[in-house]
Amino acid sequence: MRKPALLLGLCALLPGAAMAQHPSHASPSSHAATGARPLAAASVAKAARPGASTAAPRVVTIKTMDYAFEAPASIPAGATTFRIVNAGKELHHVWLVKLAPGKTVADYMAAMQATAKGEAPPPAWAVDVGGPQMGAPGALADGTVNLEAGSYVIVCHIPSPDGVPHSAKGMYKALTVTPAKAPAAEPKADVTMTLRDYDFVFSAPLTAGRHTIRIVNEAEQFHEAFIVRLMPGKTAPEVLQWFESGAKGPPPMVPVGGATGLAKGRGMQFTADFAEGEYALICFLPDAKDGKPHVAHGMVKQITVGKKTAAR
């Protein structure tokens, strides 16, 4: 699994609190993060009238805390936008895992404990289907995933300052996805990001403005996309150096969003506003062959977001 030195870097992004990148799979946990808006309870809101074949994705708001999720126990199948409202002191993400029929959350957590100890690989019956990465502190983060009916686990694999993943502290929750007569449709994306071993490939250069990006994993193993905007004059290598240093000094970047773990062939979408400037794309997940973070295999890329070209 991952080494805390690299993972604990993100802790400094939230004053007085912790945040680091997540392990591929880890052990159980369920509690949350810092909030932008007060929320009495997690809610499910339909963005369009039921029964409409062109229904927009349902919006499911998930309140994250240290260390728990406040989320619905059941939602309909189809395109679903998960929106994180962080009410904790640490940063959190939403990582969705689909379980094979007959498998339970307890089975998943036991398997993850075995994986964390190096006793077994992640189970083939647990499929990573993505979810929203964390955004900047105080901001909302969301991501849209097309869910099939079945049993899922919502989990947060981000480590605390002590190096223990939030999942191991109880930050996990069962989710049942029920069949829907008219599943909501995914929003139209204007850019596609393809995840490969070990690269991020865009269908077109990113320009300033709002973009809906579809992230698809075409690699042989699972990947994530952690997207950050670099502070003026900073570079992607400096971001990695900052992580390696244990987050000493001011952070050289601001999180923008992206996708949590996606298994081969899986995809999701997220929408964000991009200002002109330099950005870095990073995958911290452990490699299936040697266990090293994918970033150690070169899965980090710096891109420039330029001015939007005026339409002719």
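Attention here is on the structure that accompanies the text. (Residues numbered from 1 in each chain as written. Predicted model: local features only at pLDDT ≥ 70, side-chain atom pairs only at ≥ 80, totals over all residues. Heavy atoms only, no water.)

Moving on: the packing of aromatic side chains. Enumeration over the complete set of coordinates arrives at five aromatic pairs. An angle of 55° between the planes, with centres 5.5 Å apart, marks the rings of F274 and Y279 as tilted. An aromatic cluster of three or more residues is present, and its members are F226, W242, F243 and F284. (Phe/Tyr/Trp six-rings, centres within 6.5 Å; stacked < 30°, edge-to-face > 60°.)

With that out of the way, let us pick up the environment of V145. Note that V145 resides in strand β8 (residues 141-147). V145 sits in the buried class, given a relative accessible area of 1%. With residues up to four places along the chain from it excluded, the contact list for V145 reads G78, A79, T80, F82, L96, V129, G130, G131 and M268. (Helix = DSSP H or I, 4+ residues; strand = E, 2+ residues; numbered from the N terminus. Buried < 20%, exposed > 50% of the residue type's maximum accessible area, 1.4 Å probe, protein only. Contact = heavy atoms within 4.5 Å.)

We now examine the pattern of salt bridges. If charged atoms from side chains of opposite charge come close, those side chains can pair. Counted by the stated rule, this structure contains nine salt bridges. Among the salt bridges present, the one from E218 reaches R196, with a minimum N-O distance of 3.9 Å. Pair noted here: E218 is in the loop between β13 (209-217) and β14 (223-230) and R196 is in strand β11 (residues 191-196), with a separation of 22 residues, a long-range link. Under the relative-accessibility criterion, R196 is labelled partly exposed at 37%. (Salt bridge = Lys/Arg side-chain N within 4 Å of Asp/Glu carboxyl O.)

Relative to the assigned elements, E238 resides in helix α3 (residues 236-244). Judged by its relative accessible area of 28%, E238 is partly exposed. Separated by 15 residues in the primary sequence, E238 and M253 place their C-alpha atoms 9.4 Å from one another. If we ignore the near neighbours within four places in the chain, the residues touching E238 are G233 and P252.

This part is about the pairing of strand β9 (residues 150-155). Across five bridges, strand β6 (residues 95-99) lies against β9 in antiparallel orientation. Following the sheet pairing, L96 is matched in β9 by I154. Relative to strand β10 (residues 172-178), β9 is paired through six bridges, and the arrangement is antiparallel. Among the inter-strand pairings, S151 is bridged to a residue of β10, identified as T176. (Pairing = 2+ DSSP bridges.)

In this section: helix α2 (residues 105-116). The end-to-end C-alpha distance of α2 is 16 Å, a good match for the 16 Å that twelve residues give at a rise of 1.5 Å each. Among the residues of α2, those classed as buried are V105, Y108, M109, A111, M112, A114 and T115. Buried residues in α2 make contact with β6, β7 (126-130), β9 and β10. Positive phi appears at G118, one or two residues downstream of α2, with a value of about 80°. (Expected span 1.5 Å × (residues − 1).)

Further remarks concern unusual backbone geometry. Following D66, the chain continues to Y67 via a peptide bond in cis, the omega torsion being 15°. Of note, the bond from D197 into Y198 is cis; its omega dihedral lies within 30 degrees of zero at 5°. Looking at the element boundaries, Y198 is found in the loop between β11 and β12 (199-202).

For T115, the location among the structural elements is in helix α2. Relative accessible area serves as the criterion here: at 6%, T115 is assigned to the buried category.

To continue, consider the environment of M193. Relative to the assigned elements, M193 resides in strand β11. Of the residues examined, M193 reaches a relative accessible area of 0% and is grouped as buried. In this view, M193 contacts F200, V201, F202, I213, R214, I215, V216, A225, I227 and L281; residues no more than four positions away in its chain are not counted.

Turning our attention to the pairing of strand β17 (residues 277-282). For β14 and β17, the ladder comprises four bridges, and the chain directions are antiparallel. Bridge pairing in β17 places F226 opposite I282. Pairing between β17 and strand β18 (residues 300-305): six bridges, direction antiparallel. Residue pairing across strands places I282 opposite V300, the latter belonging to β18.

Regarding α3, the residues found buried are A236, V239, L240, W242 and F243. In a view along the axis of α3, the buried residues occupy a sector of 155°, so they form one face of it. Projecting away from the buried face of α3 at angles above 90 degrees are the exposed residues Q241 and E244. Residue G246 follows α3 closely and has a positive phi angle near 80°. (Arc of directions from axis to C-beta.)

On their own, these measurements won't tell you what the molecule is for.
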